[in-house]
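Listed below, chain by chain, are the residues.
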Amino acid sequence: MKKQFISLFLLTLTLFSLSSCNDWLDVRPDTEQKDEDQFSTAQGFYDALIGAYMEMASRDIYGERMTMTNIESLANQWSLSERETSRNEDLHLMQHDYENVAYAQAAVKTIYAKLFNVIAQANMIIKNIEENGNAIPDPAIRYTLQGEAYAMRAYCQLDLLRLFGEVPGGTIKVELPYSETTGIEEMPAYYNFNAYVEKLKADIAQAEELLRDNDPVMTYSFDDLNGNNDGTVDDNMLYRQSRLNYWAVRALEARMYLYIGDKSKAAEIAREIINAQVNGAPVMTMSGATDFTTGYKLCPSECLFYLSKWDVMDYSRSFLVGGQSSFSNNSSLGITTFKRDAMYTGQNITTHNRYKNCWNDKAIDNYGQSKVVTTKYYWDENALTSTQQMFGCQIIPMLRMSEIYLIAMEGATSLTEANELYYEYRLAHEVPTDPDFSSLQEVADYMIPEYRREFFAEGQLFYTYKRLNATNIMGSVLSASENPVPMTEEDYIVPLPTTEYNPNNPDKTE
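Residues numbered from 1 in each chain as written. Predicted model: local features only at pLDDT ≥ 70, side-chain atom pairs only at ≥ 80, totals over all residues. Heavy atoms only, no water.

Asker: Break down the overall build of the protein for me, with residues and values.
Answerer: Each helix and strand in the protein was counted, giving 20 helices and 10 strands. A globule of 510 residues ought to have a C-alpha radius of gyration of about 24 Å, and the protein, at 22 Å, matches this closely. Taken along the three principal axes of its C-alpha coordinates, the protein extends 65 × 60 × 45 Å. Looking at the protein as a whole, 61% of its 510 residues qualify as buried. For the protein, long-range pairs separated by at least 24 residues make up 71% of all intrachain contacts whose partners lie at least 6 apart in sequence. Accessible area of the protein: about 19,400 Å², with a carbon and sulfur share of 47%. When the 42 basic and 72 acidic side-chain charges of the protein are each reduced to a single mean position, those positions are 3 Å apart. (Helix = DSSP H or I, 4+ residues; strand = E, 2+ residues; numbered from the N terminus. Rg over C-alpha atoms; globule rule 2.2 N^0.38 Å. Buried < 20%, exposed > 50% of the residue type's maximum accessible area, 1.4 Å probe, protein only. Contact = heavy atoms within 4.5 Å. Areas by Shrake-Rupley, 256 points an atom, 1.4 Å probe, with all protein chains shown as cover. Lys, Arg positive; Asp, Glu negative; His and termini not counted. Charge placed at Lys NZ, Arg CZ, Asp CG, Glu CD.)

So, in structure tokens, the structure goes:
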């Protein structure tokens, strides 16, 4: 099934090329089947869902822009030189120059359209399961696929809120479309922040209800479902880490509650995930020494959800550099040694396994100067088997246990609880002797620096800055004396594409 998933990458099942969410289905590629054909068999539903996951992994969204490049530029993670770089989209987004049409707006338009491509496919699956679900004879499989489709829609709609929506608790109000439609004649409704969040909660609750009693992860471990199947589990229900399984949906819910400011509810869900067991063992723990010793940089053993991306190293090393020695000032993305050092201020870098394994500080730029680049998406192909590469390297992390621990820590109501979680977190990072927190304020102050370190090139920092309405963010740090970059509320609200029409305000195009 995993090989089938990857080989299907070569197909175009239901991919669209759009400029606005209002005309998702204007273009139907030759290989797309009519609804009555596509969804007349169980295999048609399986193929449609796999196609939607493949679209999520597109470089225009989670395969690159919303993990490695554009979203990290919004958070000022990269050190870019206006004089030298040709990465103009990243440069203008780093400057929060949303008025720039040629680059910033073009990048935003691409991201927006692709997110709605995925949502459209999820909606189509939901609609056809409701109308023709009996084509999938096993009810447990049917409900699982339906739950995944609801979760996929919620995942993308949450990121639309985090990217284009208002700052939680802010003064600037924004309405956004929440799509539950499948046709071009059905324009999605726009909602204010609170109403939009209620839509998110409903989709997540629906996904959880469908998955709770049907997802194989409730009976088998992730390792069991990644291994050889003895026939007790349908082939289409294996490899649950690469699908929006029940525990991934719970993690998504925790992420949502944290973003909207309900830290108590977020922490409650996070603790449930941490304490959950299957067959007497934890559902999942954090990645520690074993992943890095094996040669895995993306912490696959702690991914509650990842996207399979077989060619991720092939394309990403052209700009992330990875383990290579040559850095192009024109096209590469990296940081200065000053910035890397500033990011790890106060950390025990002697044993910290992320610090030791996820960076290459020997890349040399056009002027013979050293640059620091991430090696997360780079590995030694000769040191790993094809199976190890498939499951441990050729992935895009989407929800990790490290995030769950940070959510639980941030929402802890006692210093004792926070430090108990922090000790487990430090063990996984191989820094057990680092001191405990001395106050809950110190816990809160730890979050932004740790999201900056832990999720570098994974696309979570900008949303952390935004939900906390941080007034300053770390800049390029081209010198040891550089000051932080000031941020306003407007800087955190990425405008909708100029082609987007809001039916609630027909006189205005966003």
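Asker: Pulling in residues and values, what's your account of the pattern of salt bridges?
Answerer: One pass over the full model with this rule turns up 36 salt bridges. Salt-bridge contacts for Glu-148 lead to Arg-243; the nearest nitrogen and oxygen are separated by 2.7 Å. Of this pair, Glu-148 sits in helix H7 (residues 139–164) while Arg-243 is found in the loop between helix H9 (222–226) and helix H10 (246–260), placing the two residues 95 residues apart along the sequence. For Glu-148, a relative accessible area of 0% corresponds to the buried category. When salt bridges that share partners are traced, they join Glu-302, Arg-354, Lys-376, Arg-400, Glu-454 and Glu-458 into one network. (Salt bridge = Lys/Arg side-chain N within 4 Å of Asp/Glu carboxyl O.)

Asker: Lay out the packing of H7 against helix H8 (residues 193–212) in plain terms, naming residues and giving numbers.
Answerer: In contact at an axis separation of 8 Å, H7 and H8 are set at 155 degrees when each is read in the N-to-C sense. When the interaxial angle is binned, H7 and H8 end up roughly antiparallel. The two elements H7 and H8 meet at a crossing, and its hand is left-handed. When the residues that make up the contact of H7 with H8 are grouped by side-chain class, the tally is 15 nonpolar, five polar and three charged. (Axes fitted to C-alpha atoms, helices over the stretch in contact; angles between N-to-C directions. Parallel < 35°, antiparallel > 145°, perpendicular 65-115°, else oblique. Left-handed = near helix turned anticlockwise from the far one by under 90°. Nonpolar A, V, L, I, M, F, W, Y, C, P; charged D, E, K, R; others polar.)

Asker: Please give an account of the side chain of Arg-87 that cites residues and values.
Answerer: Turning to its location among the elements, Arg-87 is positioned in the loop between helix H4 (70–74) and helix H5 (88–94). We classify Arg-87 as buried; its relative accessible area is 16%.

Asker: Just give me the short version of helix H3 (residues 42–56), but keep the residues and values in it.
Answerer: Taking 1.5 Å per residue as the helical rise, H3 with its 15 residues ought to reach 21 Å, and the 22 Å between its terminal C-alpha atoms agrees with that figure. Summarising burial for H3: 14 of the 15 residues are buried, a large majority. (Expected span 1.5 Å × (residues − 1).)

Asker: Lay out the confidence of the model for the protein with the relevant residues and their values.
Answerer: Averaged over every residue, the pLDDT of the protein is 91; residues scoring 70 or more account for 91%. For the protein, per-element mean pLDDT is lowest for helix H1 (residues 2–7), which scores 40, and highest for H10, which scores 99. Low pLDDT (under 50) marks residues 1–33, which in the prediction has 83 contacts with non-local residues, meaning those over four places away or in another chain. (pLDDT = per-residue confidence, 0-100.)

Asker: Tell me about the packing of aromatic side chains, residues and numbers included.
Answerer: As enumerated under the stated definition, the model contains 19 aromatic pairs in all. Between the aromatic rings of Phe-437 and Tyr-446, the centroid separation amounts to 5.3 Å while the plane-to-plane angle is 70 degrees, which identifies the pairing as edge-to-face. Note on accessibility: Phe-437 and Tyr-446 belong to one class, buried. Look at Phe-462 and Tyr-492: their rings are 5.8 Å apart centre to centre, the planes differ by 45 degrees, and that puts the pair in the tilted class. (Phe/Tyr/Trp six-rings, centres within 6.5 Å; stacked < 30°, edge-to-face > 60°.)

Asker: Residue-level account of the pairing of strand S8 (residues 395–400), with values.
Answerer: Burial within S8 is extensive, with six of its six residues counted as buried. Bridging between strand S5 (residues 303–308) and S8 involves five bridges; their strand directions are antiparallel. Its bridge partner lying in S8, Ser-308 is registered against Ile-395. (Pairing = 2+ DSSP bridges.)

Asker: An account of the environment of Arg-142 is needed here, citing residue identities and associated values.
Answerer: Tracing the sequence through the fold places Arg-142 in helix H7. Put simply, Arg-142 and Thr-67 are 75 residues apart on the chain and 31 Å apart in space, counted from C-alpha to C-alpha. What Arg-142 contacts, discounting residues up to four positions off in sequence, is Ile-129, Gly-133, Asn-134, Ile-136 and Pro-137. At 3.0 Å, the side chain of Arg-142 forms a polar contact with the backbone oxygen of Gly-133. (Polar contact = N/O pair within 3.5 Å; in protein donor to acceptor, adjacent residues only side chain to side chain.)

Asker: An account of the packing of helix H17 (residues 401–410) against helix H18 (residues 415–428) is requested, with residue identities and associated values reported.
Answerer: Two elements in contact, H17 and H18, have axes separated by 9 Å at closest approach and are oriented at 160 degrees. Classified by the angle their axes make, H17 and H18 are roughly antiparallel. Note on packing geometry: the crossing formed by H17 with H18 is left-handed. In this structure, H17 contributes Ser-402, Tyr-405, Leu-406, Ala-408 and Met-409 to the contact, and H18 contributes Ala-418, Leu-421, Tyr-422, Glu-424 and Tyr-425.

Asker: Requested: an account of the environment of Tyr-463, with residues and values cited.
Answerer: Mapped onto the elements, Tyr-463 comes out in helix H20 (residues 461–467). Given the relative accessible area of 2%, Tyr-463 is considered buried. Spatially, the C-alpha atoms of Tyr-463 and Asp-159 are 8.9 Å apart, while their sequence positions differ by 304 residues. The contact partners of Tyr-463, leaving out residues within four places of it in the chain, are Met-66, Ile-71, Asp-159, Arg-162, Leu-163 and Tyr-259.

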